Amino acid sequence: MLVTQARQHNLTIRQLAAKAGSYAGLAFVGTPDSIANEMEQWLEERGSDGFVVMFPYLPAGLDDFVDLVVPELQRRGIFRKDYEGTTLRDHFGLPRPGNRFF
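Note that this is a predicted model, so its numbers are computed, not measured.

Attention now moves to the domain arrangement of the protein. Each assigned domain of the protein is listed with its residue range as follows: domain 1 (1–25) and domain 2 (31–86). Centre-to-centre, using C-alpha coordinates, domain 1 lies 30 Å away from domain 2.

Pasting the structure below:
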């Protein structure tokens, strides 16, 4: 689909990358404290139950979020510090189903 759009609109690689990688949703920009404030407000006042986090560049954008924002969210008690187990099933407290082949 992207290739078709690129051909139809005669897009350069740069234009195609901008179109494919763009996101027009809510953006939190600022200091770690101000980003944590906005995330906390969304969680408490707007009924949000989580976020899909995207970064304008990698790996530094991800590193900044993990090293600067996550500790602030953890300090506020709105981001976990430990996990209940080693699998997603463990984290949700779901039992492991029996293997039907044995």
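Following the criterion strictly, the structure yields five salt bridges and no others. Between Glu84 and Arg80 there is a salt bridge, with the nearest N and O atoms lying 3.1 Å from each other. Through salt bridges with shared partners, a single ionic network connects Asp33, Glu40, Glu72, Arg75 and Arg76.

In the contact formed by helix α3 (residues 32–45) and helix α4 (residues 60–75), the axes pass within 9 Å of each other and the chain directions differ by 50 degrees. Here α3 is positioned oblique relative to α4, judged by the angle of their axes. Our pair here, α3 against α4, has a crossing hand that is right-handed. In contact with Pro32, Asp33, Ile35, Ala36 and Met39 of α3, α4 contributes Phe65, Leu68, Val69, Glu72 and Leu73.

Among the secondary structure elements, Asp90 is positioned in helix α5 (residues 88–91). Not counting the four nearest positions on each side in its chain, Asp90 is found in contact with Glu84 and Gly85.

A separate point is unusual backbone geometry. Along the chain, Leu58 connects to Pro59 via a cis peptide bond; the corresponding omega equals 0 degrees. With respect to the helices, strands and loops of the structure, Pro59 is situated in the loop between α3 and α4. Positive phi, normally seen in glycine, also occurs at Asn10, with a value near 50 degrees. You can see Asn10 is positioned in the loop between α1 (2–9) and α2 (13–21).

Bringing the packing of aromatic side chains into the picture now. All told, the structure shown has two aromatic pairs when counted by the stated rule. Here Phe28 and Phe51 contribute two aromatic rings whose centre-to-centre distance is 5.8 Å and whose plane-to-plane angle is 70 degrees, an arrangement assigned as edge-to-face. With Phe28 in the loop between α2 and α3 and Phe51 in the loop between α3 and α4, this residue pair connects regions lying 23 residues apart in the sequence. Of note, Arg46 hangs over the ring of Trp42, and the distance from its end group to the ring centre comes to 4.7 Å.

So, about the environment of Glu44. Counting through the fold element by element, Glu44 comes out in helix α3. Sequence spacing of Glu44 and Ala60 is 16 residues, and the spatial spacing of their C-alpha atoms is 29 Å.

Conventions and cut-offs
- Residues numbered from 1 in each chain as written.
- Predicted model: local features only at pLDDT ≥ 70, side-chain atom pairs only at ≥ 80, totals over all residues.
- Heavy atoms only, no water.
- Domains from an automatic or database assignment.
- Salt bridge = Lys/Arg side-chain N within 4 Å of Asp/Glu carboxyl O.
- Axes fitted to C-alpha atoms, helices over the stretch in contact; angles between N-to-C directions.
- Helix = DSSP H or I, 4+ residues; strand = E, 2+ residues; numbered from the N terminus.
- Parallel < 35°, antiparallel > 145°, perpendicular 65-115°, else oblique.
- Left-handed = near helix turned anticlockwise from the far one by under 90°.
- Contact = heavy atoms within 4.5 Å.
- Phe/Tyr/Trp six-rings, centres within 6.5 Å; stacked < 30°, edge-to-face > 60°.
- Lys NZ or Arg CZ within 6 Å of the ring centre and 35° of its normal.

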